[in-house]
Amino acid sequence: MAVATIDETAYGKLLARALPRVIKTEKENQRMIAELEKLDTRGHALTPEEENLAELMTLLIRQFEESKYPLGHAAPLEALRILMEDRGIRQRDLISVFGSSSVASDVLNGKRSISKAHARNLAGYFHVPASLFI
């Protein structure tokens, strides 16, 4: 797999705009998530510079969240509940992740397990590894 070369000037401008740095507070984490979401919702393929920035921000977010929310030992449903509580997310906020309110309800009430597709969607939604939900 060939590594794409990046335009250092363009990458420098992206870095100057996003100002990625080690995340120490929830406010900084939310800002970094918002910056990452801006890249995710641009509606076009990311440039090599944008891909590098997205990778860097993902690593910074993951590092902060793994230290602040150590969920590796939690069962998948418990990890989901903890993330929801910590971020003030309600069941109805996850309808788009699960595809319907009934599936969201069934999963959160333990009547249905989290599928691999749902785990990937949840990982993207919460910016955490999918393995938390499997």
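Residues numbered from 1 in each chain as written. Predicted model: local features only at pLDDT ≥ 70, side-chain atom pairs only at ≥ 80, totals over all residues. Heavy atoms only, no water.

J.: Describe helix H6 (residues 101-108), with residues and values.
T.: Within H6, burial applies to Val-103, Ala-104, Val-107 and Leu-108. Down the axis of H6, the buried side of the element spans an arc of 125°, and every buried residue falls inside it. As for H6, its buried residues are in contact with helix H4 (76-87), helix H5 (95-98) and helix H7 (116-126). (Buried < 20%, exposed > 50% of the residue type's maximum accessible area, 1.4 Å probe, protein only. Helix = DSSP H or I, 4+ residues; strand = E, 2+ residues; numbered from the N terminus. Arc of directions from axis to C-beta. Contact = heavy atoms within 4.5 Å.)

J.: Outline H7, supporting the account with residue identities and numerical values.
T.: Listed in full, the buried residues belonging to H7 are His-118, Ala-119, Leu-122, Ala-123 and Phe-126. The buried residues of H7 all sit within an arc of 140° when viewed along its axis, so they share a single face. In this structure, the buried side of H7 is in contact with helix H3 (48-68), H4, H5 and H6.

J.: Describe the environment of Ile-6, with residues and values.
T.: Tracing the chain through its elements places Ile-6 in the segment before helix H1 (8-18). In this structure the C-alpha to C-alpha distance between Ile-6 and Asn-29, which are 23 residues apart in sequence, comes to 26 Å. Those residues in contact with Ile-6, other than ones at most four positions away along the chain, are Tyr-11, Pro-48, Glu-49 and Asn-52.

J.: Any details on the side chain of His-118? Residues and values, ideally.
T.: Along the chain, His-118 turns up in helix H7. The residues touching His-118, leaving out its near neighbours within four places in the chain, are Val-97, Phe-98 and Val-103.

J.: Just give me the short version of the nonpolar core, but keep the residues and values in it.
T.: Membership of the largest hydrophobic core comes to 18 residues, with the highest contact counts inside it found for Leu-80, Leu-94, Phe-98, Leu-122, Phe-126 and Phe-133. Secondary-structure elements contributing two or more residues to this core are H4, H5, H6 and H7. In terms of residue count, H6 provides more of this core than any other element does, four residues in total. In this view, Leu-94 contacts Leu-80, Met-84, Ile-89, Leu-122, Tyr-125 and Phe-126; residues no more than four positions away in its chain are not counted. (Core = buried A, V, L, I, M, F, W, Y, C linked by side-chain atoms within 4.5 Å.)

J.: With reference to specific residues and values, describe the pattern of salt bridges.
T.: This structure, assessed with the given rule, holds three salt bridges. Measuring nitrogen to oxygen at the nearest pair gives 2.8 Å for the salt bridge that ties Glu-35 to Arg-17. Of the two residues, Glu-35 is situated in helix H2 (residues 26-40) and Arg-17 in helix H1; the sequence distance between them amounts to 18 residues. One salt bridge connects Lys-38 with Glu-35, and the closest N-O pair in it is separated by 3.3 Å. Pair noted here: Lys-38 and Glu-35 are both in helix H2, with a separation of three residues, about one helical turn. On the basis of relative accessible area, Glu-35 is assigned to the buried category, the value being 9%. Beyond isolated ion pairs, a larger network of salt bridges with shared partners links Arg-17, Glu-35 and Lys-38. (Salt bridge = Lys/Arg side-chain N within 4 Å of Asp/Glu carboxyl O.)

J.: Can you break down the packing of aromatic side chains residue by residue, with the values?
T.: Given two aromatic rings, their pairing is described by the distance between the two centres and the angle made by the two planes. Within the structure shown, the criterion is met by two aromatic pairs. On the numbers, 5.0 Å between centres and 80° between planes, the contact of Tyr-125 with Phe-126 is edge-to-face. Judged by its relative accessible area of 0%, Phe-126 is buried. Here the aromatic rings of Phe-126 and Phe-133 are separated by 6.4 Å at their centres, their planes lie at 35°, and the arrangement is tilted. (Phe/Tyr/Trp six-rings, centres within 6.5 Å; stacked < 30°, edge-to-face > 60°.)

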